[in-house]
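This is what each chain is made of:
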Amino acid sequence: MKKQIKSFRSAFRGFCFAVKSESHMRFHLVATFYVFVFGCFYDFSAAKWALLAVLCALIIALEMVNTCVEKLCDLFCDRYDFSVKIIKDIAAAAVLAVSFSAVFTAVLFFLDFEVIGKIFLYFVNNPVMLVLLILSAVISAVFVCAGPVKVKNAILGIKRKDKH
Ligand SMILES: Nc1ncnc2c1ncn2[C@@H]1O[C@H](COP(=O)(O)OP(=O)(O)OP(=O)(O)O)[C@@H](O)[C@H]1O
């Protein structure tokens, strides 16, 4: 049991590292969050939810594998190398391939103008939820672009300035 907990902690550390260092990874996490938030407005079957979950997890997992490939290449090669270029490009293409199929699936599942109209009305009639949605969009944009480390440093910087 101890071994399993240790493995789980290592995996969690790896996940946190990928989130901290990769903006693409943060983008996929935010996209997954919104897929599940807006998915609640649709009457999806269990199979559709499962497919969405598998696709989101697959993109996130491939992004992490892509990061590993990049780190491995950088570890063993610190100069321009055509083979490294090909390896990195193929790893990036793997993420892109699944991303395309995820976008295609999302268009098929979410492009229902009746539900889109209902979502629009829901937020228009619920100002609190509208404010929360806008707030979450702003936080997501900062999270994706700056990342948790820069946000934390900025907050600590402001606090330190306040103390002086
Ligand atoms: N040592 C290298 N030799 C040749 N080409 C390289 C090398 N390092 C990077 N590249 C090229 O630059 C691209 C970006 O590589 P980089 O390691 O900067 O990844 P990244 O910008 O973090 O990519 P991603 O956006 O997929 O996370 C690669 O796909 C590859 O085409």
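The structure presented is a predicted model; accordingly, all values stated were derived computationally and were not measured.

J.: Explain the overall build of the chain here, please?
T.: Counting its secondary structure elements, the chain contains six helices and zero strands. A compact globule built from 164 residues would reach a C-alpha radius of gyration of about 15 Å, whereas the chain, at 20 Å, exceeds it by more than 25%. Counting only C-alpha atoms and orienting by the principal axes, one finds that the chain spans roughly 55 × 50 × 40 Å. Looking at the chain residue by residue over its 164 residues, the buried ones come to 24%. If you take every contact in the chain between residues at least 6 apart in sequence, the share linking residues at least 24 apart comes to 72%. When the accessible area of the chain is evaluated, it comes to approximately 11,900 Å², of which 74% is carbon and sulfur surface. Positive and negative side-chain charges of the chain, numbering 19 and 11 respectively, have mean locations separated by a distance of 14 Å.

J.: Sorry if this is basic, but what is going on with the site of the ligand here?
T.: Around the ligand, a shell composed of Glu22, His24, Asn66, Glu70, Arg79, Tyr80, Asp81, Val84, Lys85, Lys88 and Asp89 is seen. Contacts to the ligand include Asn66, whose side-chain N or O atom sits 3.4 Å from an oxygen atom. Between the ligand and the protein, one listed contact pairs an oxygen atom with a side-chain N or O atom of Asp89 at 2.5 Å. Protein contact buries 64% of the 630 Å² of open area that the ligand shows by itself. Put simply, the parts of the chain that give the shell around the ligand at least two residues each are α3 (46-76) and α4 (82-110). A total of four residues in the shell around the ligand trace back to one element, the largest contributor, which is α4. A class-by-class count of the residues in the shell around the ligand yields two nonpolar, two polar and seven charged.

J.: Even after reading the chapter, I still don't get the environment of Asn153, so can you show me in this structure?
T.: Considering the arrangement of structural elements, one finds Asn153 in helix α6 (residues 127-163). Since its relative accessible area comes to 47%, Asn153 is described here as partly exposed. The sequence separation of Asn153 and Phe82 amounts to 71 residues, and the corresponding C-alpha distance is 37 Å.

J.: Quick question: what am I supposed to make of the side chain of Glu63 here?
T.: Among the structural elements, Glu63 can be located in helix α3. There is no salt bridge for the buried Glu63, and the closest opposite charge comes from Lys71, which lies 10 Å off by N-O distance. Contact partners of Glu63, with chain neighbours within four places excluded, come to Glu22, His24, Met25, His28 and Val95.

J.: For this particular structure, what's the right way to read the packing of helix α1 (residues 2-21) against helix α2 (residues 23-39)?
T.: Geometry of a packed helix pair, given as the angle between the helix axes and the separation of the axes. The geometry of α1 relative to α2 is characterised by a closest axis approach of 5 Å and an angle of 105° between their N-to-C directions. Taken as axis vectors, α1 and α2 run roughly perpendicular relative to one another. Judged by residue contacts, Phe15, Ala18, Val19, Lys20 and Ser21 of α1 engage Ser23, Met25, Arg26 and Leu29 from α2. Split into classes, the residues belonging to the contact of α1 with α2 amount to five nonpolar, two polar and two charged.

J.: Looking at this structure, I do not really get the domain arrangement of the chain. What am I missing?
T.: You'll often see interface size given as the accessible area lost when the parts meet. Taken domain by domain, the chain comprises domain 1 (21-112) and domain 2 (126-164). Distance between the C-alpha centres of domain 1 and domain 2: 24 Å. Contacts between domain 1 and domain 2 engage six residues on the former and 10 residues on the latter. Considering only the surface of domain 1 that becomes buried against domain 2, Arg26, Val30 and Tyr34 emerge as the three largest contributors, covering 72% of it. Counting across the interface, domain 1 meets domain 2 through five residue pairs in polar contact (both at pLDDT 80 or more). Classifying every residue of the side of domain 1 that touches domain 2 by side-chain character gives four nonpolar, one polar and one charged.

Quick notes on the rules
- Throughout, a residue's number is its position along its own chain's written sequence, starting from 1.
- Totals for whole chains, interfaces and linings use all residues, but because this is a predicted model, local features are given only for residues with pLDDT of at least 70 and pairs of side-chain atoms are given and counted only at 80 or more.
- Side-chain calculation: all heavy atoms of the structure are included, whereas hydrogens and water are not.
- Each helix is a run of DSSP H or I of at least 4 residues and each strand a run of E of at least 2, with the numbering of both proceeding from the N terminus.
- Put simply, the radius of gyration uses C-alpha atoms, and a globule should come to 2.2 Å times the residue count raised to 0.38.
- Summary of the burial criterion: residues with accessible area below 20% of their type's maximum are buried, those above 50% are exposed, and those between are partly exposed, where the area comes from a 1.4 Å probe applied to protein chains only.
- Only heavy atoms enter the contact rule, under which two residues are in contact if any of them lie within 4.5 Å.
- Under the convention used here, a 1.4 Å probe and the Shrake-Rupley method define accessible areas, while residue burial counts only the protein chains that appear.
- We score Asp and Glu as negative and Lys and Arg as positive, and we do not count His or the chain ends.
- In plain terms, the charge of a residue is placed at NZ if it is Lys, CZ if Arg, CG if Asp and CD if Glu.
- Throughout, the term near means that a residue has one or more heavy atoms lying within 4 Å of the molecule or strand in question.
- Counted as a polar contact is a pair of N or O atoms within 3.5 Å, where, for protein atoms, one must be capable of donating a hydrogen and the other of accepting one, and residues adjacent in sequence contribute only when both atoms are in side chains.
- Each residue gets one label: Ala, Val, Leu, Ile, Met, Phe, Trp, Tyr, Cys and Pro are nonpolar, Asp, Glu, Lys and Arg are charged, and the others, such as Gly, are polar.
- Here, a salt bridge means any Lys or Arg side-chain nitrogen found within 4 Å of an Asp or Glu carboxyl oxygen.
- Axis geometry follows a simple rule: fit a line to the C-alpha atoms, using only the stretch in contact for helices, then measure angles between N-to-C directions, giving values from 0 to 180 degrees.
- Angle categories: roughly parallel below 35 degrees, roughly antiparallel above 145, roughly perpendicular from 65 to 115, and oblique for all the rest.
- All the domain ranges listed were derived from an automatic or database domain assignment.
- Here the quantity called buried area is the total loss of accessible area, with a 1.4 Å probe, experienced by two parts when brought into contact, counted for both.

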